[in-house]
Amino acid sequence: MNANSVAVTDPPHPTETSERIKTITLDHMTYGKFLTYQLAFGFMTRVILYPSEVLRTRLQIQRMGSVYQSGMDAFIKVYRTEGIRGYYGGFLVHQYQTLSGTLYISVYESVRHSIHGQTSYLVCQAASGLAASLASQTIQLPVTNITQFLQLRGVSKGPSGIISAERPLGMGDLVFRNVVAFIWRTRGLRGFFRGLVPTILLFGSTSVLFWVNYDIIYGTVDNLVDLRNDYIPRDLILRSASGAASGVIGNFVVTPLDAVRSNTQVYGIGVREAVAHLVKQDGVYWVSKGVGPWVLRGGLFGGVLSVGYEIVKRLSVKDEYKPLIIW
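Description of the structure in this document. (Residues numbered from 1 in each chain as written. Predicted model: local features only at pLDDT ≥ 70, side-chain atom pairs only at ≥ 80, totals over all residues. Heavy atoms only, no water.)

Details of the side chain of Arg 239
Here is step 1: With respect to the secondary-structure elements, Arg 239 resides in helix α9 (residues 234–253).
Here is step 2: What Arg 239 contacts, discounting residues up to four positions off in sequence, is Lys 22, Tyr 214, Tyr 218, Ser 306, Glu 310 and Arg 314. (Helix = DSSP H or I, 4+ residues; strand = E, 2+ residues; numbered from the N terminus. Contact = heavy atoms within 4.5 Å.)

Right, dumping it as structure tokens:
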């Protein structure tokens, strides 16, 4: 070889130069695998969490205590009068949201990837969560408006003083066809997007609160908890606990917004009218309507989302990065 020539070598393999990967990004994953696994995970998550949404809706639409005294009371009465099917009213329609959930995660990862390093980490998380929520809720809202009615199916089998939103609407049985026809006939196309403002405020706030609190809590417990064992997936356990805590905090804070959203969508009224209706109906206690199932959903969703999301990312990692992944 000529003494003046420069030797050309292949770039080093990631495992030869890189430290263990703490946060998995789009650069580390096969995108097709990521979307496929995310769709499957989204469906399973909604199977687990959907009953809490049904209970929350019923509690928020009723006059305080007229049908259900608490979340547990609602759980028991629904089972007694409707069986397991009562927890899944409108579930098949709701599964459209699996697609919007996948869009949410895709936008979140894309925005975070684009602005990472250009601002502080918490601002990056907040901006990514907000952008993801805005994108997903825009296509999800029509389905949510339909599902809100389907979640009331079977309530007339309960005690007297039932939720006033059902029979006075004049839509007949609460089935998909009747609900869609009713919304179109009485509210037009705008009816499918009823509650847009409170929905964006609700889920935008929830998303920002979740991702910001998630990182703060995870960073704290990661430094405090010494759980070193080759047979225990320490990182996934800590992320699941952090996600659950963050979900509880976020949902508790925005409970009043959720009550307003549910009433605007079911009763077909504006935000001011919804607040006035809630105050007239339940006084100052309206701010806590449905708080039990809503906070429970936040904890379950946060815990399942965070650990499931991290598993999905780990399953989607490119082969060259697999030895560097922390479980």
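Quick notes on the pattern of salt bridges
Here is step 1: One pass over the structure, following the stated rule, counts 15 salt bridges.
Here is step 2: A salt bridge links Asp 73 to Lys 77, with the nearest nitrogen and oxygen atoms 3.1 Å apart. In this pair, Asp 73 and Lys 77 both sit in helix α3 (residues 71–82), 4 residues apart, roughly one turn of the helix.
Here is step 3: Judged by its relative accessible area of 24%, Lys 77 falls in the partly exposed class.
Here is step 4: Each of Glu 109, Arg 112, Asp 235, Arg 239, Glu 310, Lys 313 and Arg 314 takes part in a single network of salt bridges with overlapping partners. (Salt bridge = Lys/Arg side-chain N within 4 Å of Asp/Glu carboxyl O. Buried < 20%, exposed > 50% of the residue type's maximum accessible area, 1.4 Å probe, protein only.)

With respect to a nonpolar patch on the surface
Here is step 1: Together, Leu 39, Tyr 96, Leu 99, Leu 103 and Ile 139 make up an exposed nonpolar region whose accessible area comes to about 390 Å².
Here is step 2: Mapping Tyr 96 onto the fold places it in the loop between α4 (91–94) and α5 (97–115). (Patch = residues over 30% accessible without salt bridge, like charges linked within 9 Å, V, L, I, M, F, W, Y side chains within 5 Å. Areas by Shrake-Rupley, 256 points an atom, 1.4 Å probe, with all protein chains shown as cover.)

Comments concerning α5
Each turn of an α-helix holds 3.6 residues, which means side chains three or four residues apart point in the same direction.
Here is step 1: For α5, which comprises 19 residues, the first-to-last C-alpha distance of 27 Å matches the rise-based estimate of 27 Å (1.5 Å per residue) to within 8%.
Here is step 2: Of the residues making up α5, those classed as buried are Gln 97, Thr 98, Ser 100, Gly 101, Thr 102, Tyr 104, Ile 105, Ser 106, Val 107, Tyr 108, Glu 109 and Arg 112.
Here is step 3: Two residues or fewer past α5, Gly 117 is found with a positive phi of approximately 90 degrees. (Expected span 1.5 Å × (residues − 1).)

Some thoughts on the packing of aromatic side chains
Here is step 1: In the structure shown here, the tally under the stated rule is 12 aromatic pairs.
Here is step 2: Summarising the aromatic geometry, the rings of Tyr 50 and Tyr 88 are spaced 6.1 Å apart at their centres and angled 20 degrees between planes, so their arrangement reads as stacked. Separated by 38 residues along the polypeptide, Tyr 50 in helix α2 (residues 31–61) and Tyr 88 in the loop between α3 and α4 bring together distant segments of the chain.
Here is step 3: Seen from their ring centres, Phe 75 and Tyr 87 are 5.0 Å apart, and the 20 degrees between their planes marks the pair as stacked. (Phe/Tyr/Trp six-rings, centres within 6.5 Å; stacked < 30°, edge-to-face > 60°.)

What to know about the side chain of Asp 73
Here is step 1: Note on Asp 73: relative accessible area 18%, which makes it buried.
Here is step 2: Not counting chain neighbours up to four residues away, the residues in contact with Asp 73 comprise Val 67 and Tyr 68.

Here's the deal with the nonpolar core
Here is step 1: If you look at the biggest cluster of nonpolar residues, it comprises 21 residues, and the most contacted ones within it are Ile 21, Ile 24, Phe 34, Trp 211 and Tyr 309.
Here is step 2: Those elements that provide at least two residues to this core are α2, α5, α8 (196–224) and α12 (291–315).
Here is step 3: Ranked by the residues each element gives to this core, the list is headed by α5, at 4 residues.
Here is step 4: Here Trp 211 is in contact with Tyr 104, Tyr 108, Gln 125, Gly 129 and Tyr 309, once residues within four sequence places are set aside.
Here is step 5: Of all hydrophobic cores here, the second largest spans 12 residues; its members include Leu 150, Leu 152, Phe 182 and Phe 192. (Core = buried A, V, L, I, M, F, W, Y, C linked by side-chain atoms within 4.5 Å.)

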